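Structural overview
Residue strings, one per chain:
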Amino acid sequence: MVCFCFLVDQKKKMRSSKPAAGTCSRCGGGARIADMTTSTRFCLIPIYWRSWKAVVCGFCGAVLKSYR
Ligand SMILES: [Zn+2]
């Protein structure tokens, strides 16, 4: 019997954020501009990172807008 290990997951992390104009459409909380990092892991070993900017809600964490 052959066992394959295909375990790929992605983790989103907020590195830093600062207040931005606007409010969340879901909860009405204040928007924040955040530096985000997405890391892709294969069998729990990080193989790929990507940094991106996004406008997120500082209260519920919803991503309101993302930039490349
Ligand atoms: Zn919100």
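Residues numbered from 1 in each chain as written. Predicted model: local features only at pLDDT ≥ 70, side-chain atom pairs only at ≥ 80, totals over all residues. Heavy atoms only, no water.

1. Thoughts on the coordination of the zinc ion
Stated precisely, the cut-off is as follows: Note that water is not among the atoms used; donors are N, O and S atoms within 2.8 Å of the metal (3.2 Å for Na, K and Ca), so sites may look incomplete. A site with four donors is called tetrahedral when every donor-metal-donor angle falls between 85 and 135 degrees; four donors are called square planar, and six octahedral, when opposite donors sit more than 155 degrees apart and all other angles fall between 65 and 115; any other arrangement is irregular. Strands here are runs of E lasting at least two residues and helices are runs of H or I lasting at least four, both read from the DSSP assignment and numbered beginning at the N terminus. To sort residues, take the accessible area from a 1.4 Å probe on protein chains only and compare it with the maximum for the residue type: under 20% means buried, over 50% means exposed, and anything in between is partly exposed.
Surrounding the zinc ion are the protein donor atoms C24 (SG), C27 (SG), C57 (SG) and C60 (SG), which sit 2.3 Å from the metal. Its 4 donor atoms give the zinc ion angles of 101 to 116 degrees at the centre, a pattern that matches the tetrahedral case. Within one chain, the residues donating to the zinc ion are spaced in sequence as C-x2-C-x29-C-x2-C. Of this pair, C24 sits in the loop between β1 (8-23) and β2 (30-42) while C60 sits in the loop between β3 (45-57) and β4 (63-67), and the two are 36 residues apart along the sequence. Note on C60: relative accessible area 39%, which makes it partly exposed.

2. What to know about the side chain of T38
For the record, the criterion: Within 3.5 Å is the distance limit for a polar contact, defined as a pair of N or O atoms, with the added protein rule that one can donate a hydrogen and the other accept it, and that residues adjacent in sequence qualify only through two side-chain atoms. Whether two residues are in contact is decided by their heavy atoms: any pair within 4.5 Å suffices.
Looking at the element boundaries, T38 is found in strand β2. A distance of 2.7 Å separates polar atoms of two side chains, one belonging to T38 and the other to W52. Setting aside anything within four residues of it in sequence, one finds T38 in contact with Q10, K11, K12, Y48, W49, R50 and W52.

3. A short note on the nonpolar core
Using the following cut-off: In these notes, a set of buried Ala, Val, Leu, Ile, Met, Phe, Trp, Tyr and Cys residues joined through side-chain atoms within 4.5 Å is what counts as a nonpolar core.
Grouped together as the largest cluster of nonpolar side chains are 5 residues: A34, M36, W52, A54 and V56. Sorting the residues of this core by element identifies β2 and β3 as the ones contributing at least two each. Among the elements that take part in this core, β3 stands out by supplying 3 residues, more than any other. Apart from the residues lying within four places of it in its own chain, the contact partners of A54 are R32, I33, A34, M36, V63, K65, S66 and Y67.

4. Observations regarding the environment of Y48
Take Y48: it is sitting in strand β3. Between the alpha carbons of Y48 and Q10 there is a distance of 9.5 Å; along the sequence they are 38 residues apart. Every residue in contact with Y48, bar those within four places of it in the chain, is listed here: T38, S39 and T40.

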